[in-house]
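Architecture at a glance
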Amino acid sequence: MGSYPLTFHEFKQGLAEGELPGLKCEECGEGIVPPSAVCTACGSTRLSRTSFAGKGSIRTFTVIRVGPEGFTPPYIVALVELDEGPWVLGNLVGVDAASAGMDLMNKKVIVGSKVLPLKPSESGVEGVVLTFELT
Ligand SMILES: [Zn+2]
């Protein structure tokens, strides 16, 4: 066993530098983001670090009206299919949640990130969420 190819800390660091780091399964070729200990498709632990282009398309979304601290509801959570294949969950920004409609489906987005100011008592570390912006 080698060392873990991409820790969550390294994932966050990469996001902060404008990268979208992830993992690629050596067994089946599946792209994995955010990092996981095992391949989400086949369960293999033979994973190597990769970097995604950070572009994708909205496949589905939901409007959140009651959110956790650090968010200002209403806001939009979207499931985006990256051009490389993996599906990632994040916040759609720059779109008015009140007028979000089906025309958002399949819209192209670019992926960014936002650091969440979680209370130290909750986790001891800052959380991070992916953000999507319409292109
Ligand atoms: Zn796999």
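What counts, and at which threshold
- Residues numbered from 1 in each chain as written.
- Predicted model: local features only at pLDDT ≥ 70, side-chain atom pairs only at ≥ 80, totals over all residues.
- Heavy atoms only, no water.
- Helix = DSSP H or I, 4+ residues; strand = E, 2+ residues; numbered from the N terminus.
- Rg over C-alpha atoms; globule rule 2.2 N^0.38 Å.
- Buried < 20%, exposed > 50% of the residue type's maximum accessible area, 1.4 Å probe, protein only.
- Contact = heavy atoms within 4.5 Å.
- Pairing = 2+ DSSP bridges.
- Axes fitted to C-alpha atoms, helices over the stretch in contact; angles between N-to-C directions.
- Polar contact = N/O pair within 3.5 Å; in protein donor to acceptor, adjacent residues only side chain to side chain.
- Donors = N, O, S within 2.8 Å, 3.2 Å for Na, K, Ca; no water.
- Tetrahedral: all angles 85-135°; square planar, octahedral: opposite > 155°, others 65-115°.
- Domains from an automatic or database assignment.
- Buried area = accessible area lost by both parts, 1.4 Å probe.
- Salt bridge = Lys/Arg side-chain N within 4 Å of Asp/Glu carboxyl O.
- Nonpolar A, V, L, I, M, F, W, Y, C, P; charged D, E, K, R; others polar.

1. Regarding the overall build of the protein chain
A tally of regular secondary structure across the protein chain gives one helix and eight strands. Going from the N terminus to the C terminus, the protein chain shows its helices and strands as α-β-β-β-β-β-β-β-β. Its C-alpha radius of gyration of 16 Å places the protein chain within 12% of the 14 Å reference for a compact globule of 135 residues. A principal-axis box enclosing the C-alpha atoms of the protein chain has dimensions of 50 × 40 × 25 Å. By residue count, 36% of the 135 residues in the protein chain fall in the buried class. Here the analysis covers contacts within the protein chain between residues at least 6 apart in sequence; of these, 48% occur between residues at least 24 apart.

2. Observations regarding the sheet that holds strand β3 (residues 47-52)
The three strands are arranged β2-β1-β3 in an open sheet whose pairing can be described as antiparallel. At either margin of the open sheet sits one strand with a lone partner, and together these are β2 (31-32) and β3. The pairing of strand β1 (residues 20-25) with β3 spans six bridges and is classified as antiparallel. Of the residues in β3, the one forming a bridge with L23 is R49. Along the sheet face, helix α1 (residues 8-16) touches β1 and β3 and points at about 135° away from the line of β1.

3. Let's talk about the side chain of T131
Mapped onto the elements of the fold, T131 is located in strand β8 (residues 127-134). Side-chain polar atoms of T131 contact the backbone nitrogen of S113, separated by 3.2 Å. With residues near it in sequence (within four places) discarded, T131 still touches N91, V93, I110, V111, G112, S113 and K114.

4. Focus on the coordination of the zinc ion
Around the zinc ion, the protein supplies C25 (SG), C28 (SG), C39 (SG) and C42 (SG) as donor atoms, at distances of 2.3 Å. One way to put it: the four donor atoms around the zinc ion meet at angles of 106 to 116°, and that makes the site tetrahedral. Along the chain, the residues donating to the zinc ion are arranged with the sequence spacing C-x2-C-x10-C-x2-C. Here C28, found in the loop between β1 and β2, pairs with C42, found in the loop between β2 and β3; they are 14 residues apart in sequence, far enough to count as distant.

5. Concerning the domain arrangement of the protein chain
Bring the parts together and some accessible area is lost; that lost area is often taken as the interface size. One can read the domain layout of the protein chain as domain 1 (8-52) and domain 2 (55-134). Between the C-alpha centres of domain 1 and domain 2 the distance comes to 19 Å. Across the contact, nine residues belong to domain 1 and 12 residues belong to domain 2. Taken over both partners, the interface formed by domain 1 and domain 2 buries close to 800 Å², and the fraction arising from carbon and sulfur atoms is 75%. Interface area lost by domain 1 to domain 2 is led by K12, L15 and F52, which between them contribute 52%. Taken together, domain 1 and domain 2 are joined by zero salt bridges. Inspection of the domain 1/domain 2 interface yields zero residue pairs in polar contact (both at pLDDT 80 or more). Class assignment for the residues of the side of domain 1 that touches domain 2 results in seven nonpolar, one polar and one charged.

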